[in-house]
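# Working through the structure, step by step
Here's the letter readout for the chains.
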Amino acid sequence: MVYSDLTIDYFKMFLLNVPAAVVALTLFFFLDDLTGFEITYLLELPEPFSFIFTWFAALPLIFWVAQAITNAIVKDFLILKDSASRLITLPELAEA
C-alpha cells in the first residue's frame, strides 16, 4: 500500500514555465517583426475577429511553444509538496 498526502505545487510549476513563456513571447514578437507586423494587424481586426484570433490562435500557439520548450528541457516537471512533515506509524508496519 502507498500512503501519500502529497499535493501538486502549482506555484513552482508556474515558475518553471515562466522562462519558456518569455522565450515564446519573444519568438512571437520576433516573428511579428519579420512579417512586417502582420500579426499585429490581425490582432487589430474588428471586434469578433480579433477576439477569435487572439484567444484561439495566438495564445494557444504561444502556450504550445512554451510547453514544448519546457518539455524539451525537463521531461517530467510535476512538482509535489508535502502538506505537513510528520512521521506516521502505520498499524500494519508496527506489528511486523
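For the structure, check the block above.
Residues numbered from 1 in each chain as written. Predicted model: local features only at pLDDT ≥ 70, side-chain atom pairs only at ≥ 80, totals over all residues. Heavy atoms only, no water.

This part takes up unusual backbone geometry. When glycine is set aside, most residues are seen to have a negative phi, and most peptide bonds are trans. Even without being a glycine, F37 presents a positive backbone phi close to 65 degrees. Within the fold, F37 resides in the loop between α1 (10-34) and α2 (38-43). Of the residues examined, F37 reaches a relative accessible area of 47% and is grouped as partly exposed. (Helix = DSSP H or I, 4+ residues; strand = E, 2+ residues; numbered from the N terminus. Buried < 20%, exposed > 50% of the residue type's maximum accessible area, 1.4 Å probe, protein only.)

Turning next to α1. Taking 1.5 Å as the rise per residue, α1 with 25 residues should run 36 Å; its terminal C-alpha atoms sit 35 Å apart, in good agreement. Of all bends in α1, the biggest is about 35 degrees, found at V18, and the proline P19 comes one to four residues later. Along α1, the residues classified as buried are M13, N17, A20, A24, F28 and D32. Contacts from the buried residues of α1 go to β1 (6-8), α2 and α3 (47-73). (Expected span 1.5 Å × (residues − 1). Bend = angle between axes of the 7 residues up to and from the residue. Contact = heavy atoms within 4.5 Å.)

A few words now on the packing of aromatic side chains. A complete count under the given rule lists two aromatic pairs for this structure. Plain terms: the ring middles of F28 and F29 are 5.9 Å apart, the flat faces sit at 70 degrees to each other, and that makes the pair edge-to-face. According to the relative accessible area criterion, F29 is exposed, its value standing at 52%. With centroids separated by 6.4 Å and ring planes inclined at 45 degrees, the aromatic side chains of F51 and W55 adopt a geometry described as tilted. In this pair, F51 and W55 are both assigned in helix α3, four residues apart and thus about one turn of the helix distant. Residue F51 is classed as partly exposed on the basis of its relative accessible area of 43%. (Phe/Tyr/Trp six-rings, centres within 6.5 Å; stacked < 30°, edge-to-face > 60°.)

Right, let's talk about the nonpolar core for a bit. In this structure, A20, A24, F28, I39, A58, I62 and A66 together form the largest nonpolar core, which totals seven residues. Where this core is concerned, the elements lending two or more residues are α1 and α3. Residue contacts for A66: discarding those within four places in its chain leaves A20, A21 and A24. (Core = buried A, V, L, I, M, F, W, Y, C linked by side-chain atoms within 4.5 Å.)

Read these as spatial facts, not as claims about activity.
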